[in-house]
Amino acid sequence: RVFAFRDARWAPDPVLAPSAAVRSPQPAPLVIDNGSFQTRAGWACPDPSGPAEPLLRFRSLAARSRGARGGAGAETQVGNDLGSPEPLRWLLRSPFDRNVPVQLELQELLFDHVFQRLGVSSQGCVDHPIVLTEAVCNPLYSRQMMSELLFECYQVPKVSYGVDSLYSFYHNRRQNWPCSGLVISSGYQCTHILPVLEGRLDAKNCKRINLGGCQAAVYLQRLLQLKYPGHFAAITLSRMEEILHEHSYIAQDYIEELQKWRCPEYYENNVHKMQLPFSNKLLGSTVASEEKQEKRQQQLRRLQELNARRREEKLQLDQERLDRLLYVQELLEDGQMDQFHKALVELNMDSAEELQSYINKLSLSVEQTKQKILQSEVNIEVDVVDSKPETPDLDPLGSEQSLEDVESINEFEPLFAEEQPEVEKPVAAVQPVFNLAEYHQLFLGTERIRAPEIVFQPSLIGEDQAGIAETMQYVLERYSKEQQAVLVQNVFLTGGNTMYPGLKARIQKELLEMRPFQSSFQVGLASSPVLDAWYGARDWAVEYMNREEGWISRKDYEEKGGEYLKEHCASNVYVPIRLPKQAPRATEAPGRASGTGNPGEQ
């Protein structure tokens, strides 16, 4: 069970030419699933010959390079044009805060990328209707800025907003639509519990958990970096996401599953080993101690040579200065006072006593430097002598040994002969067994279940929130028993974070514990948890293409504002902004102008 990281690079999206079915008989709606993890875009064509799959799928990221020194300007890359996110991790920017778009200039870059790669001319206007997904209970300000961007910048004819998880629920709808159900949507940043009654969202009882795939990847990265500090840089977020997608699962009973992992046999049969790329930088501990000692000796010799060279240069300068001062002193002794005083002025000295003081100091310094040079030469000679193999002196006393000493040595000879091989055995010969392949492997044991468990137990990462089971029970308790029975008959799981093996069984176990005895419930998983939101938006756009329901026209935008929303079966609930009414001031103006009236009333 050794797996290699794929480390797949993103291929740049090609520029696609729109087919004839997109333009005739009328411009087809453009469906954009604007997710915080990935953006998916494609056409909603009623013609079966048109594309039925999203033509673009890319990460909702953008990065601006700083530009080369040769004069090339900064370049902005979006989505798959980045190639790989890891080299640009600190430059990546997203328009989303959690699952709400707040950076509209980055959102404009994503739209430009979509229109350009789909072959839509965005200069002047985009003459296709837009179906766009948004967050549950999206703030009015976010929708207002998005509508302003679409209508003012791109001049789109009409827009429709819907919730991605409700579009997925609509795509997987049953025959008796409209129906009720409990939608559990878990994505990259958030997890939502959405009650749906008779095909419409009950927004008052929706609940959100601020945990998703992003937090699970960060938690897994922290666990493995603490476990393998030698591979700190190799444990990247992209690789953690790959582990979550392909090697993690949800335990039906978390505590019981941890007890299983304590068994060595179970661990050997279920551990996954992730092979890291080989790196020579990680082999510092395998270098032999003899090589390290040799490097230290070489560095020591270089330092000794450098110090010796500096001492010699200093000695030469001091000696020249001392000779100059002694020459000036000889001028004083010979009685050449004029030359003596000129020399003192050149030396910046005032008297003969100061000259004598400098001569004494320089003489002492020269003697000390000579002593240091001699001492360093002796130390080097001693090091060279010590580095030679030692030969034991077998006859230190010459021929003056007594017969008793020789007999005592002979008595201990057998003892020396037995111990000698052990003393002479080299220490470097005994080396620990070191498997380079295992050193470059990450052993995934309990980490396979600990990271995805945070959506059920947020306290694992220190979050003071309720998990999916507690939140689901809280939402159900807000309804009558009859409505609860209707909702649990259609518990629907969707979102990329619900693709873990074992999640459906875990939800069934949690419902079995909280529901009354012998009550029935049904849990279903989306046919494609990642793409069903786009498929549902496409189905809705094809069905409602020629209707007024759900579409916001440019006239509605100009009359009712950017935050306006036309509701439909997969949309949020529109709550208009209600400003408090201000008291009229027209009756107060005449009273103040004339100066009459009761002051207390004014």
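Heads up: the structure comes first, above all this text.
Residues numbered from 1 in each chain as written. Predicted model: local features only at pLDDT ≥ 70, side-chain atom pairs only at ≥ 80, totals over all residues. Heavy atoms only, no water.

J.: Before we go on, may I ask you to explain the sheet that holds strand S17 (residues 441–444) in this structure?
T.: Adjacent strands of a sheet form backbone hydrogen bonds with each other and so pair up, either parallel or antiparallel. The strand order S1-S16-S17 describes an open sheet built from three strands, whose pairing is mixed. A strand with exactly one partner marks an edge of an open sheet, and here the two such strands are strand S1 (2–4) and S17. Here the strands of the sheet are splayed against their neighbours by 30 degrees on average, with no regard to which way each runs. Here strand S16 (residues 272–275) pairs with S17 via four bridges, running antiparallel. Bridging from a neighbouring strand, Met 274 pairs with Leu 442 of S17. On top of the sheet, helix H6 (residues 237–247) reaches S1, S16 and S17; it is set at about 145 degrees to S16, its chief contact. (Pairing = 2+ DSSP bridges. Helix = DSSP H or I, 4+ residues; strand = E, 2+ residues; numbered from the N terminus. Axes fitted to C-alpha atoms, helices over the stretch in contact; angles between N-to-C directions. Contact = heavy atoms within 4.5 Å.)

J.: Help me understand the packing of aromatic side chains, please; the structure alone is not making it clear to me.
T.: When we look at a pair of aromatic rings, we describe it by the centre distance and by the angle of the planes. Counted according to the given criterion, the structure contains twelve aromatic pairs. For the ring pair Phe 151 and Tyr 557, a centre distance of 4.8 Å and an interplane angle of 15 degrees mean the geometry is stacked. Placement of Phe 151 in helix H3 (residues 140–153) and of Tyr 557 in helix H19 (residues 554–560) is noted, with a sequence separation of 406 residues between them. Judged by relative accessible area, Phe 151 falls into the buried class, the value being 0%. With a centroid separation of 5.4 Å and an interplanar angle of 80 degrees, the aromatic rings of Tyr 564 and Tyr 574 are classed as edge-to-face. (Phe/Tyr/Trp six-rings, centres within 6.5 Å; stacked < 30°, edge-to-face > 60°. Buried < 20%, exposed > 50% of the residue type's maximum accessible area, 1.4 Å probe, protein only.)

J.: Which parts of the structure should I look at to understand the nonpolar core?
T.: Grouped burial of nonpolar side chains is what soluble globular proteins tend to show. Counting residues in hydrophobic clusters, the biggest one holds 43 residues, and the most contacted among them are Ile 184, Leu 224, Ile 243, Leu 442, Ile 468, Ile 507 and Leu 511. Of all the elements in the fold, those that place two or more residues in this core are strand S12 (181–186), helix H5 (213–227), H6, S17, helix H15 (468–476), strand S18 (491–494) and helix H17 (503–514). With six residues, H5 is the largest single contributor of residues to this core. Not counting the four nearest positions on each side in its chain, Ile 507 is found in contact with Ile 184, Phe 456, Ile 468, Met 472, Val 491, Leu 493 and Val 523. Within the second largest apolar cluster, 35 residues are counted, among which are Leu 30, Val 78, Leu 106 and Phe 115. (Core = buried A, V, L, I, M, F, W, Y, C linked by side-chain atoms within 4.5 Å.)

J.: Could you clarify how one ought to interpret the pattern of salt bridges in this entry?
T.: In the structure shown here, the tally under the stated rule is 22 salt bridges. For Arg 59, the salt bridge is made with Glu 241, and the minimal N-O distance between the two is 3.6 Å. Remark: Glu 241 occurs in helix H6 and Arg 59 occurs in strand S4 (residues 56–59); sequence separation between them is 182 residues. When its relative accessible area of 12% is taken as the criterion, Arg 59 is described as buried. In this structure Glu 241 comes out as buried when scored by relative accessible area, which is 12%. Between Asp 318 and Lys 314 there is a salt bridge, and its shortest N-O distance comes to 3.0 Å. Within this pair, Asp 318 and its partner Lys 314 are both found in helix H9 (residues 289–334), separated by four residues, close to a single helical turn. Of the residues examined, Asp 318 reaches a relative accessible area of 14% and is grouped as buried. Sharing partners across several salt bridges, the network here consists of Arg 6, Glu 242 and Glu 246. (Salt bridge = Lys/Arg side-chain N within 4 Å of Asp/Glu carboxyl O.)

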